Amino acid sequence: KDADGFHTQNAGRLFLGEECSAACTPSGIIELIKSTGVSIEGKHAVIIGRSNIVGKPLAMLLLQNNATVTICHSKTKNIKEISKTADILAVAIGSAEFVTADFVKPGAVVIDVGMNRTENGLKGDVKFDEVSKTAGYITPVPGGVGPMTITMLLSNTLKAAEKRYGVK
């Protein structure tokens, strides 16, 4: 019944590396990274944001895929320097265009989870026009992580129905 993957049972199972309905946005992010052809294994992943909905579950999924994970947040010192070491940079801090090109290692995979309404329209947490010139891969806002979140919600719903009714 927990298609969102937010219940403590699913969060606990995710933390333990057990089968579960993982949170949809982090699951979608993993699929987006895999779609680039870039292997997660052995990469340094930096997550800017420590929420229970994105940051923490994403860290668990990246660890399960054998990445080395660093979580940064509003109290982290030297966020820019830490971010610049990332092969994979996921930004879910809730601050429009917070990450600029000088945060990004050339060729990095940059995942923008932000959805900030500004007077200039919807903006992500990453300054797309600037960072896209440095990143190897980057997700747009809108149209990047959002559709993958919905896809993973449908996937979790289907898996729950298959488990409940014993069908595939």
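Nothing here was measured: the structure is a model prediction, and the numbers come from that model.

S.K.: Looking at this model, I keep getting lost on the overall build of the chain. Mind explaining?
M.R.: In terms of regular secondary structure, the chain is built from six helices and seven strands. Its C-alpha atoms give the chain a radius of gyration of 16 Å, within 12% of the compact-globule value 15 Å for 168 residues. Once the C-alpha set of the chain is aligned to its principal axes, its extents read approximately 50 × 35 × 30 Å. Considering the chain as a whole, with its 168 residues, one finds that 40% of them fall into the buried category. Restricting to contacts in the chain with at least 6 residues of sequence separation, those with at least 24 account for 59%. By element, 53% of the accessible surface of the chain is carried by carbon and sulfur atoms, the whole surface being about 9300 Å². Once the 19 positive and 16 negative side-chain charges of the chain are each reduced to a mean point, those two points are 4 Å apart.

S.K.: What is the right way to read the environment of Pro 147 from this model?
M.R.: Mapped onto the elements, Pro 147 comes out in helix α6 (residues 145-165). Along the chain, Pro 147 and Thr 134 lie 13 residues apart, while their C-alpha atoms are 24 Å from each other.

S.K.: Got a minute to help me understand the state of the cysteines in this structure?
M.R.: In a disulfide, the sulfur atoms of two cysteines are held together by a covalent bond. With the rule as written, the count across this model stands at zero disulfides. Not part of a disulfide, Cys 20 finds its nearest cysteine sulfur in Cys 24, a span of 11 Å.

S.K.: Help me understand the pattern of salt bridges, please; the structure alone is not making it clear to me.
M.R.: All told, the structure shown has three salt bridges when counted by the stated rule. Here Asp 102 and Lys 80 are joined by a salt bridge, their closest N and O atoms 2.8 Å apart. Residue Asp 102 is found in the loop between β3 (88-91) and β4 (109-112), and its partner Lys 80 is found in helix α4 (residues 79-83); the two are separated by 22 residues along the sequence. Taking relative accessible area as the criterion, Asp 102 reaches 35% and is therefore assigned partly exposed. According to the relative accessible area criterion, Lys 80 is partly exposed, its value standing at 33%. In this structure, the salt-bridge partner of Lys 105 is Asp 87, at a minimum N-O distance of 2.7 Å. Remark: Asp 87 occurs in the loop between α4 and β3 and Lys 105 occurs in the loop between β3 and β4; sequence separation between them is 18 residues.

S.K.: Hey, could you run me through the nonpolar core in this one?
M.R.: When a protein is soluble and globular, its nonpolar side chains tend to lie buried together. Ile 29, Ile 33, Ile 40, Leu 58, Leu 62 and Ile 111 are the most contacted members of the largest nonpolar core, which totals 25 residues. Elements with a contribution of two residues or more to this core: α2 (24-35), β1 (44-48), α3 (55-64), β3, β4 and α6. In this structure Leu 62 touches Ile 30, Ile 33, Ile 40, Ala 45, Ile 47, Ala 67 and Val 69, once residues within four positions along its chain are discounted. The next biggest cluster of nonpolar side chains, apart from the first, holds 15 residues, and it includes Val 46, Ile 48, Cys 72 and Val 99.

S.K.: I'm lost on the pairing of β1 in this one. Help?
M.R.: Both faces of the sheet carry side chains from a regular strand, because those side chains alternate between them. Most of β1 sits out of view: five of its five residues are buried. Residues His 44, Val 46 and Ile 48 point to one face of β1 and Ala 45 and Ile 47 to the other, with burial holding for every one of them. Sheet topology note: the β1/strand β2 (residues 68-72) ladder contains five bridges and is parallel. Residue Ile 48 lies in a different strand from β2, and its bridge partner there is Cys 72.

S.K.: What's the story with the side chain of Ser 83 in this structure? I'm lost.
M.R.: Looking at where Ser 83 falls in the secondary structure, it is placed in helix α4. Since its relative accessible area comes to 1%, Ser 83 is described here as buried. Those residues in contact with Ser 83 that sit more than four places away from it in its chain are Val 46, Ile 48, Leu 89 and Phe 103.

The rules we used
All residue numbers here refer to positions counted from 1 along the written sequence of the relevant chain. The model is predicted, so local features are restricted to residues of pLDDT at least 70 and side-chain atom pairs to those at 80 or more, both for listing and for counting; the totals for chains, interfaces and linings are taken over all residues. Side-chain metrics in this entry use all non-hydrogen atoms of the structure; hydrogen atoms and water are not considered. The helix and strand labels rest on DSSP assignments: H or I over at least four residues marks a helix, E over at least two residues marks a strand, and numbering proceeds from the N terminus. We compute the radius of gyration from the C-alpha atoms alone; for a globule the expected value is 2.2 Å times N to the 0.38, where N is the number of residues. A 1.4 Å probe rolled over the protein chains alone gives each residue an accessible area, and that area as a share of the maximum for its type sets the label: buried under 20%, exposed over 50%, partly exposed in between. Should any heavy atoms of two residues lie within 4.5 Å, those residues are counted as being in contact. Under the convention used here, a 1.4 Å probe and the Shrake-Rupley method define accessible areas, while residue burial counts only the protein chains that appear. Asp and Glu are treated as the negative residues and Lys and Arg as the positive ones, with His and the ends of the chain left uncounted. Every charge is mapped to an atom, namely NZ of Lys, CZ of Arg, CG of Asp or CD of Glu. By convention in this document, the label disulfide applies to cysteine sulfur atom pairs within 2.5 Å. Any Lys or Arg side-chain nitrogen located within 4 Å of an Asp or Glu carboxyl oxygen qualifies as a salt bridge. Residue types Ala, Val, Leu, Ile, Met, Phe, Trp, Tyr and Cys, when buried and joined through side-chain atoms within 4.5 Å, form a set referred to as a nonpolar core. A pair of strands is treated as paired once DSSP finds two or more bridges between them.

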